[in-house]
Amino acid sequence: MKIINLLFSILLCSSLFLLIESGIYTGLKLDNYCKKIQRINDMNFFIYSSFKNTCNGNGFSSLEEWQKNCNAMWNLSYIGFCPADDFMNYENNNQKIMYGMWIFEDEKKEVYCIIN
């Protein structure tokens, strides 16, 4: 009877250890995923808001500087900008629309800004 109790105790402790180890591994994996998503959100918000600020005369001194700095900060696959009238027709000739685009991990993001 004592051997059966010992084997059962070993089996129970082993199962408990495997469950705890699995939970810790899953928790660490989830934490890393959340940090990655937070970094991507921070990057997109920074690039978006700095583009709009630069177009309106705040932030970076030029869009070329915006492009260089954002690429250096976030290690983007591509980042660029151009006037939107290069590819888009719009009716209000008093306003100019600038277009910005960046690619990070095969995901394309775009931003538009109206300049008065």
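What this report covers is the structure whose coordinates are included nearby.

Procedures and definitions
- Residues numbered from 1 in each chain as written.
- Predicted model: local features only at pLDDT ≥ 70, side-chain atom pairs only at ≥ 80, totals over all residues.
- Heavy atoms only, no water.
- Axes fitted to C-alpha atoms, helices over the stretch in contact; angles between N-to-C directions.
- Helix = DSSP H or I, 4+ residues; strand = E, 2+ residues; numbered from the N terminus.
- Parallel < 35°, antiparallel > 145°, perpendicular 65-115°, else oblique.
- Contact = heavy atoms within 4.5 Å.
- Nonpolar A, V, L, I, M, F, W, Y, C, P; charged D, E, K, R; others polar.
- Phe/Tyr/Trp six-rings, centres within 6.5 Å; stacked < 30°, edge-to-face > 60°.
- Buried < 20%, exposed > 50% of the residue type's maximum accessible area, 1.4 Å probe, protein only.
- Pairing = 2+ DSSP bridges.

Observations regarding the packing of helix α1 (residues 2-55) against helix α2 (residues 63-74)
Link 1 in the chain: Two elements in contact, α1 and α2, have axes whose closest approach is 10 Å; the angle formed by their N-to-C orientations is 170 degrees. Of the possible angle classes, the one that applies to α1 and α2 is roughly antiparallel. Taken together, the residues of α2 that come into contact with α1 (itself represented by R39, D42, M43, F46, I47, S50, F51, T54 and C55) are L63, W66, C70, M73 and W74.
Link 2 in the chain: The class makeup of the residues in the contact of α1 with α2 is 10 nonpolar, two polar and two charged.

What about the packing of aromatic side chains?
The relative placement of two aromatic rings is captured by the distance of their centres and the angle of their planes.
Link 1 in the chain: Within this structure, the stated rule accounts for four aromatic pairs.
Link 2 in the chain: Between F46 and W74 the ring centres are 6.3 Å apart and the planes differ by 50 degrees, which places this aromatic pair in the tilted class. Placement of F46 in helix α1 and of W74 in helix α2 is noted, with a sequence separation of 28 residues between them.
Link 3 in the chain: A residue is classified by how much of its surface remains accessible, and F46, at 26% relative accessible area, is partly exposed.

Quick word on the pairing of strand β2 (residues 96-104)
Link 1 in the chain: For β2, the buried fraction is high: seven of the nine residues fall into the buried class.
Link 2 in the chain: Looking at chain direction, strand β1 (residues 78-83) and β2 are connected through six bridges and run antiparallel. Pairing of G80 across the sheet is with M101, part of β2.
Link 3 in the chain: By the bridge criterion, nine bridges tie β2 to strand β3 (residues 107-115) in an arrangement that is antiparallel. Paired with K96 across the strands is I115, a residue of β3.
Link 4 in the chain: Taking the residues that link successive antiparallel strands as the turn, the β2-β3 hairpin has two residues, and the phi of E105 there is positive, at about 50 degrees.

Honestly, that's just the spatial picture; any functional story needs more than this.
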